[in-house]
Amino acid sequence: MNSNSCPACGAEMARLYRTTFPGEPWMHRCGACGFCAVRPLSESREVYDDAYTAGSDAGRKNRRLAPDYFRKLRPFLADEHRAVLEVGGSHGWLSQLIRERTGARTTLLEPGRSAIASAQARGLDARCGFLEDFATDERFDLLCAAHVIEHVADVDRFLAACARLLRPGGTLFLLTPNADAWKLARFRGQWAWAVPDGHTLFLSAGSARELLARHGFEPLAASAVSPAFAHYPLFVARALAKWRARLRFGRLLGVATRPLALAEFALLRVLDLFHGADRADELLVVARRCS
């Protein structure tokens, strides 16, 4: 397979938009299955050091998003899911919600030390590190990674680690930006989830099924869903947040940001409906590890 071949289906990938990763590589898109990836990309984990999840803002965001993540996960939770591993779960509010609502034994794996300390202070089993390097004899019934896979440098290595840590019959749950989102097709690098210094790849439903099958998973679901307001990829509100720091009347913009964001949220949700359910911003993927 050449360097510009899709890792999901092997077809040729074409340039989509230029990123601001070191060297300004391009985001490429597969014309056959829709998989998107930055090429070439040097693996760098420094961006996910403690500063990435440290601070009260990261903790508040994680706590606001946890109920939405849990709502999407809940239909796939079963009584046999007694041991749950959450990967890249920041301050662990989803892990805590799963433990409280289901009684499952949850483990949080997160590279940010401050986030780990916050989770441990609330009584969670929280460990510091990356999934690909997680050395343990434990096997889990459910592995949950909400908005994590789009940050990895090697999707095959990540999914191989998921398969290694799940018991046969265990469930993999992923949430990630949707490569088939109409906003990505329309706005490309201006899509708010086309974050140039963080998101290295986007899965489509088709490419997710291809990749999971290759790593010994039986795909159960791969469908587009709408993110919560706290995680919605807005345009105007994010631009205003940047301007606030530069302008003298930044406080006035701060007052205007939320109503404008709500108006934009309502408008974009209507447009989501117009473009079709499979073109929403977020992709939900569920798969079972084969025996």
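The rules behind each value
Along each chain, residues carry numbers from 1 onward, in the same order as the chain's sequence is written. Per-residue local features are limited, in this predicted model, to residues with pLDDT of at least 70; the limit for side-chain atom pairs, both in listing and counting, is 80 or more; totals at the level of whole chains, interfaces and linings are taken over all residues. Values reported for side chains reflect all heavy atoms of the structure, with hydrogen atoms and water molecules removed beforehand. For the purposes of this entry, the term helix denotes a DSSP run of H or I that reaches at least four residues, the term strand denotes a run of E that reaches at least two, and both are numbered from the N terminus. We call two residues contacting when some pair of their heavy atoms lies within 4.5 Å. The definition of a nonpolar core used throughout is a set of buried Ala, Val, Leu, Ile, Met, Phe, Trp, Tyr and Cys residues joined through side-chain atoms within 4.5 Å. Each residue's exposure class comes from its accessible area (1.4 Å probe, protein chains only) as a fraction of the maximum for that residue type: buried when under 20%, exposed when over 50%, partly exposed otherwise. DSSP calls a pair of strands paired once it identifies at least 2 bridges connecting them. A clockwise path from the first strand over the helix to the second, with the strands pointing away from the viewer, defines a right-handed crossover. Think of each axis as a best-fit line through the C-alpha atoms, taken over the contacting stretch in the case of a helix, with angles from 0 to 180 degrees between the N-to-C directions.

Student: Quick question: what am I supposed to make of the environment of Phe-134 here?
Tutor: Inspection of the secondary structure puts Phe-134 in the loop between strand 6 (125-128) and strand 7 (140-146). Along the chain, Phe-134 and Ala-161 lie 27 residues apart, while their C-alpha atoms are 8.3 Å from each other. Those residues in contact with Phe-134, other than ones at most four positions away along the chain, are Leu-85, Leu-109, Arg-127, Phe-140, Arg-164 and Leu-165.

Student: I'm lost on the nonpolar core in this one. Help?
Tutor: One recurring pattern in soluble globular proteins: nonpolar side chains tend to sit buried together. If you look at the biggest cluster of nonpolar residues, it comprises 40 residues, and the most contacted ones within it are Phe-35, Leu-85, Leu-131, Leu-143, Phe-158 and Leu-172. Of all the elements in the fold, those that place two or more residues in this core are strand 4 (83-87), strand 7, helix 5 (155-165), strand 8 (166-177), helix 7 (205-214), strand 10 (217-225) and strand 11 (282-289). The dominant element in this core, judged by the number of residues it contributes, is helix 5, at seven residues. If sequence neighbours within four positions are ignored, Leu-85 has contacts with Thr-107, Leu-109, Leu-131, Phe-134, Phe-140, Leu-142, Leu-143, Cys-144 and Leu-165. Membership of the second largest hydrophobic core comes to 21 residues, among which are Val-84, Ala-104, Phe-173 and Val-225.

Student: How should I be thinking about unusual backbone geometry in this particular structure?
Tutor: Excluding glycine, most residues fall at negative phi; most peptide bonds, likewise, are trans. Here Arg-39 and Pro-40 are connected by a cis peptide whose omega angle stands at -15°. Even without being a glycine, Ser-90 presents a positive backbone phi close to 55°. With respect to the element layout, Ser-90 can be found in the loop between strand 4 and helix 3 (93-102). Residue classification places Ser-90 among the buried positions, given a relative accessible area of 10%. The backbone of His-147 shows a phi angle near 60°, a positive value even though the residue is not glycine.

Student: Looking at this structure, how should I read the sheet that holds strand 9 (residues 201-202)?
Tutor: One key point about sheets: their strands pair by backbone hydrogen bonds, in either a parallel or an antiparallel sense. One open sheet accounts for four strands, arranged 1-2-3-9; its pairing is antiparallel. At either end of the open sheet lies a strand with only one pairing partner, and these are strand 1 (13-18) and strand 9. Where strand 3 (residues 36-39) meets strand 9, two bridges bridge the pair, whose relative direction is antiparallel. Its bridge partner being in strand 9, Ala-37 is matched across the sheet by Leu-201.

Student: What's the story with the pairing of strand 7 in this structure? I'm lost.
Tutor: Across a regular strand the side chains alternate sides, sitting on one face of the sheet and then on the other. With respect to burial, strand 7 is a largely interior element, seven of its seven residues being buried. Pairing between strand 4 and strand 7: three bridges, direction parallel. Its bridge partner lying in strand 7, Leu-85 is registered against Leu-143. By the bridge criterion, six bridges tie strand 7 to strand 8 in an arrangement that is parallel. Across the sheet, the residue bridging to Ala-145 is Leu-174, located in strand 8. Of the crossover connections in this fold, the one passing from strand 7 over helix 5 to the parallel strand 8 is right-handed.

Student: I keep staring at the sheet that holds strand 5 (residues 105-110) and nothing clicks. Help me out?
Tutor: Spatially, the seven strands line up as an open sheet ordered 6-5-4-7-8-11-10, and their pairing is mixed. Two strands close off the open sheet at either side, each with one partner strand: strand 6 and strand 10. Direction aside, the axes of adjacent strands within the sheet are offset by 15° on average. Where helix 5 meets the sheet, its contacts fall on strand 4, strand 7, strand 8, strand 10 and strand 11, and the angle it forms with strand 8 comes to roughly 145°. Where helix 7 meets the sheet, it contacts strand 8, strand 10 and strand 11, and its direction lies at approximately 160° from that of strand 10.

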